[in-house]
Every structure is written in structure tokens, then in C-alpha cells.
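In case you want the letters, here they are:
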Amino acid sequence: MADMSETARVASVLEDPSSQAIALVYANSYLNSAGANAAGAVEELQSFIDDVLAKNGDYRTLLVGGMLNRDDQLALIERTVRGHASESFANFLCVLARHERLDLIEQIAFIAQREQEKRTGHRRVQVTSSRNLDSASLDRVKSRLRDVFKFEPILEPSVDPSLLGGLVVRVENSVYDGSLKSRLGQLAKRVHQRSLHEIQSGRDRFSHPEGD
């Protein structure tokens, strides 16, 4: 039960717009300080989350769960991180501790990954289809996206049987719906609008007969 509540807490933090803005500032600062080693810095941050925090619940609670005050967090980082990680990473954790932002570390890692991808000409693209796409189909989708958007797409495929056919493509905040379900819905809407127009036209003829 505790694990479920913790997962919900992390998800809510990731979706909070105010925390996103703050995390973006720290993520870019982290990448800028890493310079040419930005990719390695992102990997080290994610490894700390996956291999240390996620696998050591008590340690995570102490470091980022609000159990300790700022000075105790700094002391814990010095004892457990300094000397076992890069100097720049240990310093970054200390910066987060001093500003009481360690609770945003998962969101900072998530945003840092996306920002690093953008800096290297990549974008995440969510591709939803009615069935699982094979590697050849995914390659064709990737090639088409590359031609249209002029960036290297990182596909995140998913399946929604209700789409019937076609694809729904999401690039950041833009959605391109080419699914059969969407096309049928548009057709039904046009038929409905045409029927309403014909009914209204008939009413107008009966309301104003010729010769009046």
C-alpha cells in the first residue's frame, strides 16, 4: 500500500505545472554544467534514481521524503554520495538540498532526459495504433516523421484497439489523428450536419410557400 501511495505522489509531482517549471530550471542548469558530458550526466542522475533510490526505500525516504532538514540532508549526501559518484553530481545533489528541492529529483531527471534529447536533435513521438506495429512498420513511420518534422524521432508505440485502423501521432503538445475511428467520426459529423441543413431547408420552404 505504501508503494502505491508513493507512486501516486511521484506521478502527481511530475504532472504539477509549477513543479515542472522549477524542475526545468534545475534540469537545464545540470546539463549546462555538464557541458560535453551532458549525456553521461543524465545517465548518472537516472542511475542514482533507479539503482539507489528505487531499490532502497528507507534511504529514499530519508534523502527526498522530507524526513530530514536541510543540514542533515547535506550531511547524508556527504557520507553516502561524495566519493561514490562524480564530483559534479554530488555537488548538484547538494545544490538541490540547499534549496530544498530534492523532492523534485525524479522530475528533474525526466526533464533533463527530454532536454538532452532536444539538444541532440531528437524528439519523443507517441504513436498509437489499433494493433502492434512490427519493426518494418515502425521504421516506415519513423522515416516519414523524420521527413516531415526534420528531427530524429524516438518512437513510443502503444495500442488502442478502438482506433480500428490508422495512427494517432503525438509530438509534444500536438496531436495528428489519422485513425479510422477519427475519420468515421468526421464522416458521421458531416452527414449529421448535412441532414440538419436539409431539414432546416425543408422547414424554410414550408414556412414560406411560393407566392406569399
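Residues numbered from 1 in each chain as written. Predicted model: local features only at pLDDT ≥ 70, side-chain atom pairs only at ≥ 80, totals over all residues. Heavy atoms only, no water.

Q: Just checking my understanding: could you explain the overall build of the chain for this structure?
A: A tally of regular secondary structure across the chain gives nine helices and four strands. For the chain, the succession of helices and strands along the chain, N to C, is α-α-α-α-α-α-α-β-α-β-β-β-α. Burial status across the chain gives 29% buried among its 212 residues. Across the chain, the fraction of contacts at a sequence separation of at least 24, relative to all contacts at a separation of at least 6, is 62%. Carbon together with sulfur atoms contributes 52% to the accessible area of the chain, which is approximately 13400 Å² in total. (Helix = DSSP H or I, 4+ residues; strand = E, 2+ residues; numbered from the N terminus. Buried < 20%, exposed > 50% of the residue type's maximum accessible area, 1.4 Å probe, protein only. Contact = heavy atoms within 4.5 Å. Areas by Shrake-Rupley, 256 points an atom, 1.4 Å probe, with all protein chains shown as cover.)

Q: Explain the pattern of salt bridges here, please?
A: It is possible for side chains of opposite charge to pair when their charged atoms get near one another. Counted by the stated rule, this structure contains 11 salt bridges. In this structure, the salt-bridge partner of Glu 156 is Arg 114, at a minimum N-O distance of 3.7 Å. Taken together, the residues Glu 156 in strand β2 (residues 152-159) and Arg 114 in helix α7 (residues 105-119) connect sequence positions 42 residues apart. One salt bridge connects Lys 118 with Glu 115, and the closest N-O pair in it is separated by 3.7 Å. Linking Lys 118 with Glu 115, this pair stays in helix α7, spanning three residues, or about one helical turn. (Salt bridge = Lys/Arg side-chain N within 4 Å of Asp/Glu carboxyl O.)

Q: Please clarify how the side chain of Gln 116 should be interpreted in this entry.
A: Tracing the backbone shows Gln 116 in helix α7. With residues near it in sequence (within four places) discarded, Gln 116 still touches Leu 31, Ala 38, Ala 39 and Val 42.

Q: What exactly am I supposed to notice about the packing of helix α2 (residues 17-34) against α7 here?
A: To describe two helices that pack against each other, one gives the angle between their axes and the distance between the axes. Where α2 contacts α7, the two axes come as close as 8 Å, and the packing angle between them is 60 degrees. The orientation of α2 relative to α7 falls into the category oblique. Of the two possible hands of crossing, α2 and α7 adopt the one that is right-handed. Judged by residue contacts, Ser 19, Gln 20, Ala 23, Leu 24, Tyr 26, Ala 27, Asn 28, Leu 31 and Asn 32 of α2 engage Gln 107, Ile 108, Ile 111, Ala 112, Glu 115, Gln 116 and Arg 119 from α7. (Axes fitted to C-alpha atoms, helices over the stretch in contact; angles between N-to-C directions. Parallel < 35°, antiparallel > 145°, perpendicular 65-115°, else oblique. Left-handed = near helix turned anticlockwise from the far one by under 90°.)

Q: Hey, could you run me through the packing of helix α3 (residues 38-53) against α7 in this one?
A: Contact geometry for α3 and α7: axes closest at 10 Å, N-to-C directions at 150 degrees. By the angle between their axes, α3 is roughly antiparallel relative to α7. Once α3 is placed against α7, the crossing between them reads as left-handed. Here Ala 38, Ala 39, Val 42, Leu 45, Gln 46, Phe 48, Ile 49 and Leu 53 of α3 lie close against α7, whose contacting residues are Ile 105, Glu 106, Ile 108, Ala 109, Ala 112, Gln 113 and Gln 116. Counted by class, the contact of α3 with α7 contains 11 nonpolar, three polar and one charged residues. (Nonpolar A, V, L, I, M, F, W, Y, C, P; charged D, E, K, R; others polar.)

Q: Where do I start with the pairing of β2 in this structure?
A: One face of the sheet, then the other: side chains in a regular strand alternate in exactly this way. As paired elements, strand β1 (residues 122-129) and β2 share eight bridges and run parallel to each other. Its bridge partner lying in β2, Ser 129 is registered against Val 159. Read as a crossover between parallel neighbours, the route from β1 over helix α8 (residues 135-149) to β2 is right-handed. (Pairing = 2+ DSSP bridges. Right-handed = clockwise from strand over helix to strand, strands pointing away.)

Q: How do you make sense of the environment of Arg 114 when you look at a structure like this?
A: The class of Arg 114 is partly exposed, set by a relative accessible area of 23%. Separated by 72 residues in the primary sequence, Arg 114 and Val 42 have C-alpha atoms spaced 9.8 Å apart. Apart from the residues within four sequence positions on either side, Arg 114 is in contact with Arg 124 and Glu 156.

Q: When you look at the sheet that holds strand β3 (residues 167-171) in this model, what are you seeing that I'm missing?
A: Paired through their backbone hydrogen bonds, the strands of a sheet run either parallel or antiparallel. Read from one edge to the other, the open sheet built from four strands follows the order β2-β1-β3-β4, with strand pairing classed as mixed. The sheet is open, and its two edges are formed by β2 and β4 (174-177), each paired on a single side. Going across the sheet, the axis of each strand differs from the next one's by a mean of 20 degrees, ignoring polarity. Bridge count for β3 against β4 is four bridges, and the pairing is antiparallel. The residue of β4 that forms the bridge with Val 169 is Tyr 176. Here α7 sits on the sheet and contacts β1 and β2; the angle it forms with β1, its principal contact strand, is near 110 degrees. Most of the contacts of α8 go to β2, to which it runs at about 135 degrees, and overall it touches β1, β2, β3 and β4.

So, to be careful, I would describe these as geometric facts and stop short of saying anything about function.
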